[in-house]
Amino acid sequence: MELLEIRQLTLHDESAFLAGLKEWEGEDTSWHTFTWKEGMPFGEHVVRLENDALGIGVKAGPVPHTMLYGFLDGQIVGRCSIRQELNERLLTNGGNIGYAVTPRFRKRGFGSQLFKTGLSYISELGRKKVLLTCAPSNTASVAMIEGNGGVMENEVFVEEDGEILRRYWIDLKSSSYH
Ligand SMILES: CC(C)(COP(=O)(O)OP(=O)(O)OC[C@H]1O[C@@H](n2cnc3c(N)ncnc32)[C@H](O)[C@@H]1OP(=O)(O)O)[C@@H](O)C(=O)NCCC(=O)NCCS
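Because the structure is predicted, anything quoted here is derived from the model rather than measured.

So, the site of the ligand: which residues are in play, and what are the values?
Around the ligand, the structure places 20 residues, and the nearest of them are Arg106, Gly111, Ser112, Ala140 and Ala143. Contributing elements (two or more residues each) for the shell around the ligand: β4 (97-101), α4 (110-124) and α5 (139-147). Ranked by residue count, the leading element in the shell around the ligand is α5, at 6 residues.

Shown next, in the form of structure tokens:
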């Protein structure tokens, strides 16, 4: 199995980050980043990500958030977005962990590596369970969540997106992520 290096961005990752962004051209760029916007100096981007992870400057509403990127031979193949806490919105739409793999790198186990790293991260924060939300039609994500012990609580209609989402919990106490 090819192992990813999974970590936060540093100042040295600008070209890998921009090349990774290009892979998502024509698609929703939030699959690559929530933070970087056209013209933002990369150094500012890295500092913002570091602060988000530490909860520095996080106002009421958003929660401390860590973005980890998966690197293979210096290229970014995907990311895992870790919401360290749950607010009202995340409780129905988003959950603790979001993940995406660049289309050409899919089905090689990279999504699972990112996902499991997210579970370990939440476990290390002392949390006992993790919430995942996912559209029932997203077969890849459903496979990943259910394959990692996700137990569905319910399906909810999310008005802002006009779609149904499944809500799954993974119990970290009974798993190998702690
Ligand atoms: C979901 C996603 C991250 C999976 O990434 P990936 O690197 O292809 O995943 P993996 O190769 O690790 O496969 C994980 C599991 O999903 C299964 N799987 C992957 N793609 C699949 C597909 N299209 N249909 C059915 N199952 C699929 C794999 O067989 C594997 O199951 P297994 O562990 O039982 O073998 C990727 O498809 C993606 O980025 N999708 C768009 C973003 C997204 O939807 N994110 C989740 C939002 S809830």
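Give me the lowdown on the sheet that holds strand β6 (residues 151-158), citing residues and values where you can.
Spatially, β5-β7-β6 is the arrangement adopted by the 3 strands of the open sheet, whose pairing is antiparallel. Whereas interior strands pair on both sides, the edge strands pair on one side only; in this sheet they are β5 (129-134) and β6. Mean inter-strand twist for the sheet, computed between neighbouring axes without regard to direction, equals 25°. Direction of pairing for β5 relative to strand β7 (residues 163-171): antiparallel, over a ladder of 6 bridges. From the neighbouring strand, leucine 132 faces β7, where its bridge partner is tyrosine 168.

Could you give me a rundown of the environment of lysine 128, with the residues and numbers involved?
With respect to the helices, strands and loops of the structure, lysine 128 is situated in the loop between α4 and β5. In this structure the C-alpha to C-alpha distance between lysine 128 and isoleucine 170, which are 42 residues apart in sequence, comes to 8.7 Å. Beyond its immediate stretch of four places on either side in the chain, lysine 128 contacts Leu172 and Lys173.

Which residues make up unusual backbone geometry, and what values do they have?
For aspartate 73, which is not glycine, the phi torsion reads 50° and is therefore positive. Of note, lysine 107 is a non-glycine position whose phi angle comes to about 60°, a positive value. By the C-beta count within 10 Å, which is 9 here, lysine 107 ends up exposed.

Conventions adopted
- Residues numbered from 1 in each chain as written.
- Predicted model: local features only at pLDDT ≥ 70, side-chain atom pairs only at ≥ 80, totals over all residues.
- Near = placed C-beta within 6 Å.
- Helix = DSSP H or I, 4+ residues; strand = E, 2+ residues; numbered from the N terminus.
- Pairing = 2+ DSSP bridges.
- Axes fitted to C-alpha atoms, helices over the stretch in contact; angles between N-to-C directions.
- Contact = placed C-beta atoms within 7 Å.
- Buried ≥ 20, exposed ≤ 12 C-beta atoms within 10 Å, placed from the backbone.

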